[in-house]
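Breakdown of the fold
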Amino acid sequence: MSGKDYGKTFCPYPWIHVMTQPTGTVSWCCVARDNFKNDDGTMVDLNKGDKIESVWNNDHMRKIRKQMLNEEVVHGCNHCYDLEDMGFQVIEQITFVTGLSTVARVKK
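Structural notes, computed from the coordinates. (Residues numbered from 1 in each chain as written. Predicted model: local features only at pLDDT ≥ 70, side-chain atom pairs only at ≥ 80, totals over all residues. Heavy atoms only, no water.)

Quick word on the overall build of the protein
Put simply, the test is: Helix and strand labels come from DSSP, where a helix needs a run of H or I of at least four residues and a strand needs a run of E of at least two; each type is numbered from the N terminus. Categorising residues by exposure relies on relative accessible area from a 1.4 Å probe, with only protein chains included: less than 20% of the type maximum marks a residue as buried, more than 50% marks it as exposed, and the intermediate range marks it as partly exposed. Pairs of residues are marked as contacts when any of their non-hydrogen atoms sit within 4.5 Å.
Across its full length, the protein carries four helices and four strands. Starting at the N terminus, the α and β elements of the protein follow one another as α-β-β-α-α-α-β-β. When each of the 108 residues of the protein is scored for burial, the buried share is 37%. Considering only contacts within the protein whose residues lie at least 6 apart along the sequence, 45% involve residues at least 24 apart.

Some thoughts on the environment of Tyr81
Residue position: Tyr81 is located in helix H4 (residues 78-85). For Tyr81, a relative accessible area of 9% corresponds to the buried category. The spatial distance from the C-alpha of Tyr81 to the C-alpha of Thr9 is 7.4 Å, given a sequence separation of 72 residues.

Comments concerning unusual backbone geometry
Of note in this structure, Glu71 is not a glycine but carries a positive phi near 60°. Mapped onto the secondary structure, Glu71 falls in the loop between helix H3 (59-69) and H4.

Side note on the environment of His75
Within the secondary structure layout, His75 lies in the loop between H3 and H4. When its relative accessible area of 58% is taken as the criterion, His75 is described as exposed. Apart from the residues lying within four places of it in its own chain, the contact partners of His75 are Trp28 and Asp34.

What to know about a nonpolar patch on the surface
Note the cut-off: Patch membership requires over 30% relative accessible area and the absence of a salt bridge. Like charges are linked within 9 Å, and nonpolar side chains (Val, Leu, Ile, Met, Phe, Trp, Tyr) within 5 Å. Per-residue accessibility takes into account occlusion by the displayed protein chains alone, with areas from the Shrake-Rupley method and a 1.4 Å probe. Within this document, salt bridges are pairs made up of a side-chain nitrogen of Lys or Arg and a carboxyl oxygen of Asp or Glu, the two lying within 4 Å of each other.
A grouping of Trp15, Ile16 and Leu69 is seen on the molecular surface, where their side chains present a nonpolar patch of about 260 Å² in accessible area. Within the secondary structure layout, Ile16 lies in helix H1 (residues 13-16).

A word on the packing of aromatic side chains
Applied cut-off: Only the six-membered ring of Trp is used, alongside the rings of Phe and Tyr, when aromatic pairs are assigned; centres must lie within 6.5 Å, and planes under 30 degrees apart are stacked while those over 60 apart are edge-to-face, with the rest tilted. To sit over a ring, a charge needs its Lys NZ or Arg CZ within 6 Å of the ring centre and within 35 degrees of the ring normal.
Taken as a whole and judged by the stated rule, the model has one aromatic pair. The lysine or arginine in question, Arg65, covers the ring of Trp56, its NZ or CZ lying 4.9 Å from the ring centre.

Brief notes about the pattern of salt bridges
In total, this model carries two salt bridges according to the counting rule given. Where Arg62 meets Asp59, a salt bridge forms, and the shortest distance between an N and an O atom there is 2.3 Å. You can see Arg62 and its partner Asp59 sitting in helix H3, three residues apart, about one turn around the helix. Residue Arg62 is classed as partly exposed on the basis of its relative accessible area, which comes to 41%. Given the relative accessible area of 45%, Asp59 is considered partly exposed.

Encoded structure:
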């Protein structure tokens with residue numbers, strides 16, 4: 001396998017993906033059970049004027065990314081953890097090839 005083998009808690013989505021809802025909430029994944037939060041802890045609401053640009057690399061998102069890199073459980077990602085525990089394949093590894101990200105499905 002090429003690239004770094006990340007632990008169970010790693011997912012590339014907090015680095016490369018945004019999911020918006022008609023309600024104005026924003027998340028890093030379509031199945032995440034948590035949403036982007038502003039630095040004051042309030043939930044991002046695009047319908048009330050919040051901007052994705054202001055939260056993409058704020059404290060909340062940096063914490064999520066750091067938790068994944070440190071193989072810590074991330075609040076909001078339980079859906080994928082549960083699937084993996086049942087033996088389903090989930091996204092666990094990202095490798096960078098010629099500047100483009102390639103997502104691989106891996107079963108441990």
